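Remarks on the overall topology
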Amino acid sequence: LKSAGTASGLVLADAANLVEKGLLVEGQDRRIRAESRWFLDHYHEFVHDYRFHNYASVERFRKDREQMAEYGKIQTPPSVYTQRDQRSEAFLLAPPRMDLDEVEDELQLVSNILSGTFLAVGQIEGGDFGPWLRKASPSGGARHPTEAWVMVYGKRDIADGIYYFDAPSNKLFWKGPYRSADDSEQLALIITAHVERPMWRYRESRSFRAVLLDAGHCMETLNQLSVAFGWTLKGRDIPQAVLQVLD
């Protein structure tokens, strides 16, 4: 849409291009998509006419702070770190070594990329609900809903299973058993999100998209760190049995 920001505005050729690519559809087509079973189709239908707040004015920011104060009276904001059962079996990862050019040990790689993505590198003091944690990946309202799990099978030095990564302690907390489908060695990462964190701050339907953006930022940070240490991440489907273990 090269002309959208010009004085002439959007031209018909741009609209035709969007229609051809399926990004712009007529009302009838949109209703058909809403009847499909895809969750995102229903979500986009629901928020289609939801109005935006205009933050171009100082008044909107003032009202926003008033809203936050009211939210705080009802419930304190959820922690950006999930409190896990410390009695669970835990595996302490090696300290992250971000100074290395290449990493040969897989568990050292896991420590480096998980810490580099999910561990706070600082915090911003003050504010009504601060301090806010600063991480390598951006997060709307500093809510940081994205978390990581690790699936392990057939590896030395660590028992098979599904683990939750606890960033402050750099530990993997055992959650449940795991066995790869083809009985081969496996070390895989899973990304999940605690949607109540951004939903506490952004109480509108469109805020769900921020959860997906947050996860995307973290996935790309994981990938970039892996490449920096000489590795490559590959995507794969998550077994249904594993999904039932996660929380």
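For the structure itself, consult the block above.
As a starting point, this report considers the structure included with it. (Residues numbered from 1 in each chain as written. Predicted model: local features only at pLDDT ≥ 70, side-chain atom pairs only at ≥ 80, totals over all residues. Heavy atoms only, no water.)

Considering the pairing of strand β7 (residues 186–193)
Consecutive side chains along a regular strand alternate between the two faces of the sheet. Inclusion rule: Partly exposed describes any residue whose relative accessible area lies between the buried limit of under 20% and the exposed limit of over 50%, with all areas from a 1.4 Å probe on protein chains only and scaled to the type maximum. Each helix corresponds to a stretch of at least 4 residues labelled H or I by DSSP, and each strand to a stretch of at least 2 residues labelled E; elements are numbered beginning at the N terminus. Here the rule is simple: two strands pair whenever DSSP picks up at least two bridges between them.
On β7, burial follows the alternation: Q186, A188, I190 and T192 on one face are buried, whereas L187, L189, I191 and A193 on the facing-out side are not. Here 8 bridges tie strand β4 (residues 146–153) to β7, and the two strands are oriented antiparallel to one another. By the bridge assignment, Y153 is partnered in β7 with Q186.

Some words on the nonpolar core
The test is simple: To define a nonpolar core, start from buried Ala, Val, Leu, Ile, Met, Phe, Trp, Tyr and Cys residues and group those joined through side-chain atoms within 4.5 Å. Residue contacts follow a heavy-atom distance rule, with two residues in contact if any of their heavy atoms lie within 4.5 Å.
One finds I113, L114, F118, V150, F165 and L172 to be the most contacted residues of the largest nonpolar core, which totals 23 residues. Those elements that place two or more of their residues in this core are α5 (106–118), β4, β5 (161–166) and α7 (208–228). With 6 residues, α5 is the largest single contributor of residues to this core. Once residues within four sequence positions are removed from consideration, F165 is found in contact with L93, L114, S115, F118, A148, N170, K171 and L172.

What about α7?
Condition: Helix span, as expected, comes to 1.5 Å for every residue beyond the first. This arc corresponds to the set of directions leading from the helix axis out to the C-beta atoms.
Taking 1.5 Å of rise per residue, 21 residues should cover 30 Å, and α7 covers 31 Å from first to last C-alpha, within 8% of that figure. Inspection of α7 places F208, V211, D214, A215, C218, T221, L222, L225 and S226 among the buried residues, and these make up the whole buried set. The buried residues of α7 all sit within an arc of 140 degrees when viewed along its axis, so they share a single face. Looking one or two residues beyond α7, the residue adopting positive phi is G230, at roughly 90 degrees.

Structural notes on a negative patch on the surface
Let me state the cut-off plainly: Patches here are clusters of residues that have more than 30% relative accessible area and form no salt bridge, with a 9 Å joining cutoff for like charges and a 5 Å cutoff for nonpolar side chains (Val, Leu, Ile, Met, Phe, Trp, Tyr). Note that accessible areas follow from Shrake-Rupley with a 1.4 Å probe, and for residues the cover is restricted to the protein chains shown. Put simply, a salt bridge is a Lys or Arg side-chain nitrogen that is within 4 Å of an Asp or Glu carboxyl oxygen. None of His or the chain ends enter the tally, which takes Lys and Arg as positive and Asp and Glu as negative. Charged side chains are reduced to one point each, which is NZ for Lys, CZ for Arg, CG for Asp and CD for Glu.
A contiguous patch of negative charge, built from D101, E102, E104, D105 and D157, is present on the exposed surface. Secondary-structure assignment places D157 in the loop between β4 and β5. The class for D157 is exposed, based on a relative accessible area of 64%.

Topic: the side chain of T117
Where we set the bar: The term polar contact refers here to a pair of N or O atoms within 3.5 Å; inside protein, the definition further demands a hydrogen-donor-capable atom paired with an acceptor-capable atom, and it admits residues adjacent in sequence only when both atoms are side-chain atoms.
In this fold, T117 is placed in helix α5. At a separation of 2.8 Å, a polar atom in the side chain of T117 contacts the main-chain carbonyl oxygen of I113. Setting aside residues no more than four positions away along its own chain, T117 makes contact with K135, A136, S137, C218, T221, L222 and L225.

Quick look at the sheet that holds strand β6 (residues 171–176)
So the rule is basically this: Note on geometry: axes are C-alpha line fits, over the in-contact stretch for helices, and angles between N-to-C directions span 0 to 180 degrees.
Strands sit in the order β1-β6-β5-β4-β7 across an open sheet of 5 strands; the sheet is antiparallel. Every interior strand has two partners, whereas the edge strands, β1 (90–92) and β7, have only one. Recorded for the sheet is a direction-independent mean angle of 30 degrees between the axes of neighbouring strands. Of the strands in this sheet, β1, β4, β5 and β7 touch α5, which is tilted by about 170 degrees from β4. α7 contacts β4 and β7 of the sheet and is inclined by roughly 150 degrees relative to β7.

A word on the packing of aromatic side chains
For any pair of aromatic rings, the description rests on two quantities: the centre-to-centre distance and the angle between the ring planes. Applicable threshold: Pairing of aromatic rings covers Phe, Tyr and Trp, the last counted by its six-membered ring, and requires centre-to-centre distances within 6.5 Å; plane angles under 30 degrees mean stacked, over 60 mean edge-to-face, and any other angle means tilted.
For the coordinates displayed, the defined rule picks out 2 aromatic pairs. Here the aromatic rings of Y71 and W200 are separated by 6.2 Å at their centres, their planes lie at 70 degrees, and the arrangement is edge-to-face. Of this pair, Y71 sits in helix α4 (residues 58–74) while W200 sits in helix α6 (residues 196–201), placing them 129 residues apart in sequence. Y71 sits in the buried class, given a relative accessible area of 15%. By relative accessible area, W200 is classed as buried at 4%. Between W149 and Y164 the ring centres are 5.4 Å apart and the planes differ by 65 degrees, which places this aromatic pair in the edge-to-face class. Taken together, the residues span a long stretch of sequence, with W149 in strand β4 and Y164 in strand β5 at a distance of 15 residues.

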